[in-house]
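# Residue-level structure breakdown
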Amino acid sequence: MAGTVGHQSRETTRGTGVRFLGHATFELDLGAATVLTDPLLRQRVSFLRRLAPPPRPPSPAPTAVVVSHLHHDHCDLRSLSLLAPSTPVVVPAGGADLLRRHGFEVVVPLAPGQSWRTGELTVTATPARHSGRREPWGPSAAAVGYLLQTPGHRVYFAGDTDLFAQMEGLGAPLDLALVPVGGWGPRLGPGHLDPRRAAEAVVRLRPRVAVPMHYGSFAPLGYRPSAVTRRAPAREFAREVQRRCPTTQVRLLPPGSDRTWVG
């Protein structure tokens, strides 16, 4: 069951439909549109393996897909290939050729500050602090996050990032922020948020609801963290947000859970 920490500052309607598929993959129902973030739908990618059965692919097809950066665990071409080739895929500026070479028909490159609109959905790229190179010899494209807007919905998907100056008030007023709180191994490298820095991000963003991501779903081959260890980053994040930004509600969504309405 999804957990809740904190309280809402005002009454809301049904809110945003959120299905957490693990790592940085969300299926978002924004009323007038659906968005899939950083699709990673396989049991294994590179040297990482999923710690639970892979989720079922999204159905029906999303209005759009957003990819925050070109690392293999965020831009997984085999997962993307499960979608119809005509599905619009929004990528960081500099990343479009990679997807076009692999048969994706509608690829939209965005740099921070640029927007793309389809129907009632507006996608705006935001800054991020994270390496954008596709290792070991792939292209490089500066990592981004995304502000996703439809009538009555404002959602920030951070992708992978550390704190950055423009985060203060980004997208305000935000209904929902999807915030990374960890990684996939016992150590966290540069360009990431740990639980306490992720709570600082929430202080700067001031969303009505925050959902932690990027923890507990994948691990390197040979590393098998306990269930307590896998859940620890999200729980520490929730405690820090409750202490530092009590007007924001934190929702803890287990990877692979059914759609939950938040906000």
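Computed from a predicted model, the values in this text were never measured in an experiment.

## Overview of a nonpolar patch on the surface
On the surface, a nonpolar cluster with roughly 270 Å² of combined accessible area is contributed by Phe47, Trp184 and Leu221. When you line up the elements, Trp184 lands in the loop between strand E14 (176–180) and helix H3 (195–205).

## Considerations on helix H4 (residues 227–244)
Here H4 contains 18 residues, and its C-alpha end-to-end distance of 26 Å stays within 8% of the 26 Å for a straight helix at 1.5 Å per residue. Pro233 marks where H4 bends most, by close to 35 degrees. Along H4, the residues that are buried comprise Ala234, Phe237, Ala238, Glu240 and Val241.

## A short note on the sheet that holds strand E6 (residues 48–50)
On the basis of which strands lie adjacent, the open sheet formed by 3 strands has the order E5-E6-E16 and antiparallel pairing. The open sheet is flanked by strand E5 (44–45) and strand E16 (218–220), the only strands paired with a single partner. With 2 bridges connecting them, E5 and E6 associate as antiparallel partners. Bridge assignment links Val45 to a residue of E6, and that residue is Leu48.

## Digging into the nonpolar core
Ranked by internal contacts, the top residues of the largest apolar core, which has 56 residues, are Val123, Tyr146, Leu148, Tyr156 and Leu178. It is H3 that provides the largest number of residues to this core, a total of 6 residues. Those residues in contact with Tyr156, other than ones at most four positions away along the chain, are Thr126, Pro127, Tyr146, Phe164, Met167, Leu170, Leu174, Leu176, Ala177, Leu178 and Leu205. Core analysis: the next-biggest nonpolar cluster, separate from the first, contains 16 residues, Cys75, Val91, Ala96 and Phe104 among them.

## A closer look at the side chain of Asp29
Along the chain, Asp29 turns up in strand E3 (residues 25–29). Engagement of the side chain of Asp29 in a polar contact is seen with the side chain of Arg259, the distance being 3.0 Å. Asp29 has contacts with Thr16, Gly17, Thr34, His153, Arg259 and Trp261, leaving out every residue within four places of it along the chain.

## Re the side chain of His23
Tracing the backbone shows His23 in the loop between strand E2 (16–22) and E3. Beyond its immediate chain neighbours, meaning those up to four positions away, His23 contacts Leu40, Asp73, His74, Trp184, Met213, His214, Ser217 and Phe218.

## Digging into the sheet that holds strand E8 (residues 89–92)
Read across the open sheet, the 7 strands follow the order E9-E8-E7-E4-E3-E2-E18; overall the sheet is mixed. Unpaired on one side and paired on the other, strand E9 (107–110) and strand E18 (260–262) mark the two borders of the sheet. Between one strand axis and the next, the sheet turns by 25 degrees as a mean value, whatever way the strands run. Bridge count for E2 against E18 is 3 bridges, and the pairing is antiparallel. Counterpart to Gly17 in the pairing with E18 is Trp261.

What counts, and where the lines are drawn
Residues numbered from 1 in each chain as written. Predicted model: local features only at pLDDT ≥ 70, side-chain atom pairs only at ≥ 80, totals over all residues. Heavy atoms only, no water. Patch = residues over 30% accessible without salt bridge, like charges linked within 9 Å, V, L, I, M, F, W, Y side chains within 5 Å. Areas by Shrake-Rupley, 256 points an atom, 1.4 Å probe, with all protein chains shown as cover. Salt bridge = Lys/Arg side-chain N within 4 Å of Asp/Glu carboxyl O. Helix = DSSP H or I, 4+ residues; strand = E, 2+ residues; numbered from the N terminus. Expected span 1.5 Å × (residues − 1). Bend = angle between axes of the 7 residues up to and from the residue. Buried < 20%, exposed > 50% of the residue type's maximum accessible area, 1.4 Å probe, protein only. Pairing = 2+ DSSP bridges. Core = buried A, V, L, I, M, F, W, Y, C linked by side-chain atoms within 4.5 Å. Contact = heavy atoms within 4.5 Å. Polar contact = N/O pair within 3.5 Å; in protein donor to acceptor, adjacent residues only side chain to side chain. Axes fitted to C-alpha atoms, helices over the stretch in contact; angles between N-to-C directions.

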